[in-house]
Number of protein chains: 2
Amino acid sequence: MTAEVPSFIQARDEADPIRMFRQRFSLPPGIVYLDGNSLGALPTATAPRLDELVRQEWGVGLIRSWNSHDWIGASRRVGDKIATLVGARAGEVVVADSTSVNIFKLLMAAIAARPGRKIILSETDNFPTDLYVAQGIAALLPQQTVRAVDPGKVLEAIDKDVAVILLTHVHYKTGQKYDMARITKRAHECGALIIWDLSHSTGAVDVDLGAVDADMAVGCGYKYLNGGPGAPAFVYVAKRLQGELKSPITGWFGHAAPFEFAGNFQPATDINRFLSGTPPVLALAGLEIGVALLAEAPRKLLFQKSQELCSLFIERIDKTCQGYGLEVVTPRDPQERGSHVSLRHPEGYPIIRALIARGVIGDFRAPDILRFGIAPLYLSFADIWRAADALRDVLVTRQWDTAEFKARAPVT
Amino acid sequence: MTAEVPSFIQARDEADPIRMFRQRFSLPPGIVYLDGNSLGALPTATAPRLDELVRQEWGVGLIRSWNSHDWIGASRRVGDKIATLVGARAGEVVVADSTSVNIFKLLMAAIAARPGRKIILSETDNFPTDLYVAQGIAALLPQQTVRAVDPGKVLEAIDKDVAVILLTHVHYKTGQKYDMARITKRAHECGALIIWDLSHSTGAVDVDLGAVDADMAVGCGYKYLNGGPGAPAFVYVAKRLQGELKSPITGWFGHAAPFEFAGNFQPATDINRFLSGTPPVLALAGLEIGVALLAEAPRKLLFQKSQELCSLFIERIDKTCQGYGLEVVTPRDPQERGSHVSLRHPEGYPIIRALIARGVIGDFRAPDILRFGIAPLYLSFADIWRAADALRDVLVTRQWDTAEFKARAPVT
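About the thresholds
- Residues numbered from 1 in each chain as written.
- Chains lettered and ligands numbered in written order.
- Predicted model: local features only at pLDDT ≥ 70, side-chain atom pairs only at ≥ 80, totals over all residues.
- Least-squares fit on C-alpha atoms with pLDDT ≥ 70 in both.
- Contact = placed C-beta atoms within 7 Å.
- Helix = DSSP H or I, 4+ residues; strand = E, 2+ residues; numbered from the N terminus.
- Nonpolar A, V, L, I, M, F, W, Y, C, P; charged D, E, K, R; others polar.
- Domains from an automatic or database assignment.
- Pairing = 2+ DSSP bridges.
- Expected span 1.5 Å × (residues − 1).
- Bend = angle between axes of the 7 residues up to and from the residue.
- Axes fitted to C-alpha atoms, helices over the stretch in contact; angles between N-to-C directions.
- Parallel < 35°, antiparallel > 145°, perpendicular 65-115°, else oblique.
- Left-handed = near helix turned anticlockwise from the far one by under 90°.
- pLDDT = per-residue confidence, 0-100.

(A) Here's a closer look at the relation of the copies chain B and chain A. Of the two same-sequence chains, chain B is brought onto chain A (RMSD 0.0 Å, axial shift 0.0 Å) by a rotation of 180°. With respect to symmetry, the two chain copies, as superposed, fit the operation of a two-fold axis. Interface overlap between copies is the fraction of interface residues in one copy that are interface residues in the other; for chain B against chain A it reaches 100%, indicating a shared surface.

Printed below as a string of structure tokens:
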């Protein structure tokens, strides 16, 4: 990764008003990391914070730290910070469980709130866990059916039979972005509830849940939020729905008064009703660092830079990688995409491996997608330039066409 | 906590064959920590391990560490270590989610496997989250009812209407222990399934799931397993039932081949089907340290020491605290109790606070229970002696009877 970068690209980095955030991440030298949509990079503040939490708060404070270090408030405190990134209000977001478990809770809550309606609407190629959880619920509740349609047919598939719609705002493979306002409006016209999975949006893509009058959302903590591997996820429920919607998993942290140890479950009146078990304090502390760092950056600049980086990457691919069988899958119109760029190639798997060997880390999604996550907080225009150059070199030299790269390794 | 300890107590510590494990915990000086059943103490290996995980595996390895550092295998690897503590076999335990979420999954799985049976049997004073989750399921599935009975009436309440029994092996308040073999046998005679909540047992109390032919179990990672605040929980399902029982939360990590990103859910054929979302890698690493440390100690010695420490504490209370209104709630027969000792006193709350001010940390459970967790891996006979002395002093001097201790603080 020592390729030269032209001066006009260096100038763009120098003019980037949020370039200083890169210094607050520990990025390994010689690497261009374009997989922050799978696992976000490490903020420099995370290791010292976790060390302090472990040695002082846990080791010395022990059980007392639930109060003295406000562990008890972390799920809401971090939730409120995430709220600022997605246009939600304080008290509308809480950190809890995993995205999968949160999807389960919200789907079940929505179905119970729309009795008589029989359809969970989603798209055929939604992220697997979203579809799997919906399918599991359909198996559990025989009156429910999953209606999965092509992305382009979602709007027309919303009708009075639909109890709840589950869509991923930015598609994990193609990078295509739904028109959240339009679909939410249509859902409401038909009396359906809607859950937006923001896993590939939060922290890199402009989302304004309040402005579109969104009902519910979930999102992932370990992608653009940089919360660390397996960081907990979040739940958003609009205030107007918090009294009506009920979590099916009625664990003690969702109780109105968890520490009264009462015999009967009484749900919290606020977003806390979507908590279930004891909050993951260590993992929450990691997530809090990542989220706080993002929250420092002006949202508008962040999302604008994401689009400029994506555009630059697509421009360079168009210009330098023609004739090697690559297809740009992600929309060229910034308004229609999220913050990653996907390319299709029949030899996508060995190509991504050859690219990783050159220090450009992207990932592969079967059968033929090369995926490049663009995290605007720590990537530079020079990174994008170098990544496109490296990809061109892999193609021009056919470096991928060796046994070393073609052999299948265990996938994640 | 500088009180003198008699030489025969010192001699017991010197003769303790597992005394060296105490050195492998970071315990704050001057503290006797008797709340390891609420939050276990910090192993000295945890902070360095987490630092390595964060800086090297996450920071440098980034996404590659899912394979290169086997993050992907952690849920099963730690599960297999927990299995050795509870008499389960490799492949019968997996770390996942929280205890509350796991109870939900297992209850739902059991109900589906016993069609036509209408009862979830539990005890009236079970730990709140166990009851709450069962109540939530009864609200969700109108044909199901929670039958909650007194602990002494559980055996006779098992009949052919019972789909599933949910009991906490060691009672969180009283410390009373169920006869797991007898109740499991009766459940099977009636065709019911049974879930044992081992939160207050694992790591401190002898449990042999294999010997009693147990069906299912859950347990907590942050108590005697010393996994850290909010550590993930575990699920046990006997191999003979793994094909039959299905998790209702069909997230991608429970899929037979999660990384094929197939469109339809196909559950894993093994214990992995009880996974749901992406595993919490940071928290798993903390738990792994705690579990590995416990697994080093000979189980028999560990559980025997727990009983000896509990017996010493009760003996000292009986001998030195008579006449101050204290009642020993926990059974005096070691065979009938777990690894904590509970005392009842109408002024339990200010008494525990006065005791904490003297450096003896126990906890309080409303309305009148003082609770002392006895973690055999890091407590000494001298600790127990000092704790009982401190309690006597609080009572004799009526130190608790001041505004400082009687004022209600936020409780956890």
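(B) The interface of chain B and chain A, seen in detail. The interface of chain B with chain A comprises 70 residues on the first partner and 70 residues on the second. For the side of chain B that touches chain A, the secondary structure elements donating two or more residues are α2 (46–60), α3 (65–68), α5 (99–113), α6 (128–140), α9 (281–296) and β14 (363–365) of chain B. The dominant element in the side of chain B that touches chain A, judged by the number of residues it contributes, is α2 of chain B, at nine residues. Among the residues making up the side of chain B that touches chain A, the classes are represented as 39 nonpolar, 24 polar and seven charged.

(C) Representation of the domain arrangement of chain A within the structure. Residue and element names in this part refer to chain A. Per the domain assignment, the segments of chain A are domain 1 (7–44 + 298–406) and domain 2 (70–296). The distance between the C-alpha centroids of domain 1 and domain 2 comes to 29 Å. The interface is formed by 26 residues belonging to domain 1 together with 23 residues belonging to domain 2. Where the side of domain 1 that touches domain 2 is concerned, the elements lending two or more residues are α10 (299–320) and β12 (340–344). Each residue belonging to the side of domain 1 that touches domain 2 can be placed in one class, and the counts come to eleven nonpolar, ten polar and five charged.

(D) The arrangement of unusual backbone geometry in detail. Residue and element names in this part refer to chain A. In this chain, A366 is followed by P367 through a cis amide linkage whose omega measures 0°. Topologically, P367 is positioned in the loop between β14 (363–365) and β15 (369–373). Here the phi dihedral of D213 falls at roughly 55°; this positive angle occurs in a residue that is not glycine. Position of D213 among the secondary structure elements: in the loop between β8 (193–197) and β9 (216–219).

(E) Highlighting the sheet that holds β12 of chain A. Residue and element names in this part refer to chain A. With antiparallel pairing, four strands are arranged side by side in an open sheet as β11-β12-β15-β14. The sheet is open, and its two edges are formed by β11 (327–328) and β14, each paired on a single side. Across five bridges, the pairing between β12 and β15 is antiparallel. The partner of H340 across the bridge, within β15, is G373.

(F) View of the sheet that holds β14 of chain B. Residues and elements named next belong to chain B. The four strands are arranged β11-β12-β15-β14 in an open sheet whose pairing can be described as antiparallel. This sheet does not close on itself; its edge strands, each paired only once, are β11 (327–328) and β14. Of the pairings in the sheet, the one linking β11 to strand β12 (residues 340–344) comprises two bridges and is antiparallel in character. If you follow E327 over to β12, its bridge partner there is R344.

(G) How the structure looks around helix α2 (residues 46–60) of chain A. Here α2 of chain A spans 20 Å end to end across 15 residues, near enough to the 21 Å set by a 1.5 Å rise per residue. In α2 of chain A, a bend of some 30° at L53 of chain A exceeds every other bend along the element. Tucked inside the fold, the buried residues of α2 of chain A contact β3 (42–43), α3 (65–68) and α9 (281–296) of chain A together with β1 (25–26), β3 (42–43) and α2 of chain B. Backbone geometry just downstream of α2 of chain A places L62 of chain A in the positive-phi region, at approximately 50°.

(H) Local environment of the packing of helix α10 (residues 299–320) of chain B against helix α12 (residues 381–396) of chain B. Residue and element names in this part refer to chain B. Their axes nearest at 9 Å, the elements α10 and α12 cross at an angle of 25°. In terms of axis orientation, α10 runs roughly parallel to α12. Along this stretch, α10 crosses α12, giving a crossing that reads as right-handed. Contacts between α10 and α12 pair L309, L312, F313, R316, I317 and T320 from the former with F381, I384, W385, A387, A388 and R392 from the latter. Residues that form the contact of α10 with α12 fall into these classes: nine nonpolar, one polar and two charged.

(I) Looking closely at the confidence of the model for chain A. Per-chain confidence: chain A averages 96 in pLDDT, with 98% of residues scoring 70 or above. Here the complex is predicted with pTM 0.97, and the ipTM for its interfaces comes to 0.97.

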